[in-house]
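# Analysis of the macromolecular model
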Amino acid sequence: MPRIIQIVGKAPTPDGVPVRPGTERWIIGSAAPDLWDAPYARVFDVHQVGFIQDRRPDLWAWYGQQFAPVYLVERSPEIPASVRYPREAITDRFGPTAGRAFSSSVDHMMALALYEGVDLIRLDGVRMNSMEEWHTQRECLAYWIGVARGMGVDVITDPEAALVTPAIVYGFDERTGADRAPGQPVLVYGVPGAMGVH
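It should be emphasised that the depicted structure is a prediction, and the values quoted were computed from it without experimental measurement. (Residues numbered from 1 in each chain as written. Predicted model: local features only at pLDDT ≥ 70, side-chain atom pairs only at ≥ 80, totals over all residues. Heavy atoms only, no water.)

### Description of the packing of aromatic side chains
Rule in force here: In this analysis, rings of Phe, Tyr and Trp, with Trp reduced to its six-membered ring, are considered paired at centre separations within 6.5 Å, and the interplanar angle assigns stacked below 30 degrees, edge-to-face beyond 60, and tilted for intermediate values. A run of DSSP states H or I qualifies as a helix once it reaches four residues; a run of E qualifies as a strand once it reaches two. Both are numbered from the N-terminal end.
Under the defined criterion, the tally for this structure stands at 8 aromatic pairs. Judged by centre distance (5.6 Å) and plane angle (85°), the ring pair of phenylalanine 94 and tryptophan 144 falls under edge-to-face. Of this pair, phenylalanine 94 sits in helix H3 (residues 87–94) while tryptophan 144 is found in helix H6 (residues 138–150), placing the two residues 50 residues apart along the sequence. Members of the aromatic cluster, joined through ring pairs, are Tyr85, Phe94, Phe102, Tyr143 and Trp144.

Okay, here's the thing in C-alpha cells:
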C-alpha cells in the first residue's frame, strides 16, 4: 500500500483542509488550534524551546498533552511526545545544500517525509502566495518539491499555490507587438499579484 503524507499548512481554505482517508496527516504546530478536532499523526514546531515558550505559551502547554510525536529542534522533558528533528541525518542523506534548505516548517516536513520514504505528498493549505512567504519561504519549498519529484515522489499542490508552475512560461507566453502596447504592465514571471514592465 502506498504511503501518502498530507502536509497541512496555514493558508485559509473556504471549507477547511480536508481530512483525506488513507493518509498520514502532518500539521504545523502554530496552525494546531484550528486543527485540534481532526486526526493527525505528527506535529511540527521546529524552533528552539525558549522561542516557543515565549511566543506560543498556549501551544507549549498543548504539546505537553500530546501522544502524537511533536518535532522540535531538541527534545524537552516537559513534552513527553517531543522528538528531536533529525537535521544531521537529513543532511547526511541529501547533502550540505539540503541541510540548509529550511525556511519554513513545511520544508522540515517535506525533508523528513522524503528521508523516511513516501510515495505521494499532498500539500493542503500550503500556498506561498503572500509576499512574506514569497520572499522568504517559497524557494526552499520549491527545492524540496524538486528533490521529491527527482526521487519519483509525486507532490500534489494546492491549485491556488504559487509553487513550481509559474502563471506564464518564460519566453513562450510573452505578449509582444500588437498583443501588448509599449509600457503596458504584465505579470512578473511567477510572482503572484506582481506587475512589471518587460
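### Observations concerning the pairing of strand E6 (residues 120–124)
Selection criterion: Buried, partly exposed and exposed residues are distinguished by accessible area as a fraction of the type maximum, computed with a 1.4 Å probe on protein chains only: under 20%, between the cut-offs, and over 50%, respectively. Think of it this way: DSSP has to see at least two bridges between two strands before they count as a pair.
Burial of E6 is extensive: 5 of the 5 residues sit out of reach of the surface. Here E6 shows no split at all, with Leu120, Arg122 and Asp124 on one side and Ile121 and Leu123 on the other all buried. Examined bridge by bridge, strand E1 (residues 4–8) and E6 share 5 bridges and lie parallel to one another. Residue pairing in the sheet places isoleucine 7 in a bridge with leucine 123 of E6.

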